[in-house]
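Examining the three-dimensional arrangement
Chain residues, written in single-letter form:
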Amino acid sequence: MKKNILVSLMIIAVLVLICSCGNTQQGDGSVTETPIPDVTNTTAPDVISDTAVVVKADECEGKIGDTVEVPVYVLNGNPLNGIQFIVKFDNTKVKLISTEESIDEQVSEALGGMSSITITPDSLSYAWVNSIKKSADEKIMTLKFEILSGSVGESVDITISNCVAAAYNEKDESVAYDEIQTVNGAINIK
């Protein structure tokens, strides 16, 4: 059990470090934006692998001025102890107004877990880690956007990148998944 907690704390530290990209408030109150690094994952697969962890954003539609919800899922049934990813969007077309995690925060905290969300004007960094495996094939969060501008029939891409996922193996060691696929979403303007 102590080994699980120690490994979980190490994973938390790495994921928080990864998600610390974004805005940083300085001592004088000013905000400095740190660019988010770009890591390539397999995107928009024609065939989803049976062994890959898949992070998928859904599509939705709305009119200018509407608030719409974009669910984000982890698919393929692979158990997870931690996941991190970045969601990018065109902030001239949509504004991220809120997020809602689907992971029960009280249960997660009671089991030694935590999550971190960092928001910049055009992206969101998300990290979640826990010492207890979470099954995949479920919604992990909902992103709420306000549609600011665009033309009827236009789509605003919701792009997922920089994915990292890990789970404990049979030896109780944390192992990163080597195959992660992303499926991008969109907000369709009607």
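Residues numbered from 1 in each chain as written. Predicted model: local features only at pLDDT ≥ 70, side-chain atom pairs only at ≥ 80, totals over all residues. Heavy atoms only, no water.

Quick look at the nonpolar core now. Among the nonpolar cores identified, the biggest contains 31 residues, and Ile-83, Phe-85, Leu-143, Phe-145 and Ile-187 are the most heavily contacted of them. For this core, the secondary structure elements donating two or more residues are strand 4 (53-57), strand 6 (67-75), strand 7 (80-88), strand 8 (94-101), strand 10 (123-134), strand 11 (138-147), strand 12 (155-168) and strand 15 (185-189). Not counting residues up to four positions away in its chain, the partners in contact with Leu-143 are Val-68, Glu-69, Val-70, Val-72, Val-87, Leu-96, Ser-98, Thr-99 and Leu-124. (Core = buried A, V, L, I, M, F, W, Y, C linked by side-chain atoms within 4.5 Å. Buried < 20%, exposed > 50% of the residue type's maximum accessible area, 1.4 Å probe, protein only. Helix = DSSP H or I, 4+ residues; strand = E, 2+ residues; numbered from the N terminus. Contact = heavy atoms within 4.5 Å.)

Here the focus is the pattern of salt bridges. Taken as a whole and assessed by the stated rule, the structure comprises four salt bridges. Here Lys-190 makes a salt bridge to Glu-61, at a shortest N to O gap of 4.0 Å. With Lys-190 in the segment after strand 15 and Glu-61 in strand 5 (residues 59-62), the pair connects residues that are 129 residues apart, well separated along the chain. Its relative accessible area of 51% is what places Glu-61 among the exposed residues. The residue Glu-69 makes a salt bridge to Lys-144 at a minimum N-O spacing of 3.7 Å. Taken together, the residues Glu-69 in strand 6 and Lys-144 in strand 11 connect sequence positions 75 residues apart. Looking at Glu-69, the relative accessible area reads 46%, which means it is partly exposed. (Salt bridge = Lys/Arg side-chain N within 4 Å of Asp/Glu carboxyl O.)

With that settled, the discussion passes to the confidence of the model for the protein chain. Confidence in the prediction for the protein chain averages 74 pLDDT; 63% of positions are at 70 or higher. The low-confidence segment residues 1-46 (pLDDT under 50) makes 80 contacts with residues lying over four places distant or belonging to another chain. (pLDDT = per-residue confidence, 0-100.)

Moving on: the pairing of strand 11. Both strand 6 and strand 11 contribute to a ladder of eight bridges, which runs antiparallel. Within the sheet, the bridge partner assigned to Thr-67 lies in strand 11 and is Glu-146. Inspection of the sheet shows strand 8 paired to strand 11 by seven bridges, in the antiparallel sense. Within strand 11, the position partnered with Glu-100 by the bridge is Thr-142. (Pairing = 2+ DSSP bridges.)

Counting buried positions along strand 4 gives four out of five residues, so the element sits mostly inside the fold. Strand direction decides the pairing type here: strand 4 and strand 14 (residues 180-183), joined by four bridges, are parallel. Residue pairing in the sheet places Val-53 in a bridge with Ile-180 of strand 14. Pairing geometry for strand 4 and strand 6, over four bridges, is antiparallel. Among the inter-strand pairings, Ala-57 is bridged to a residue of strand 6, identified as Val-72.

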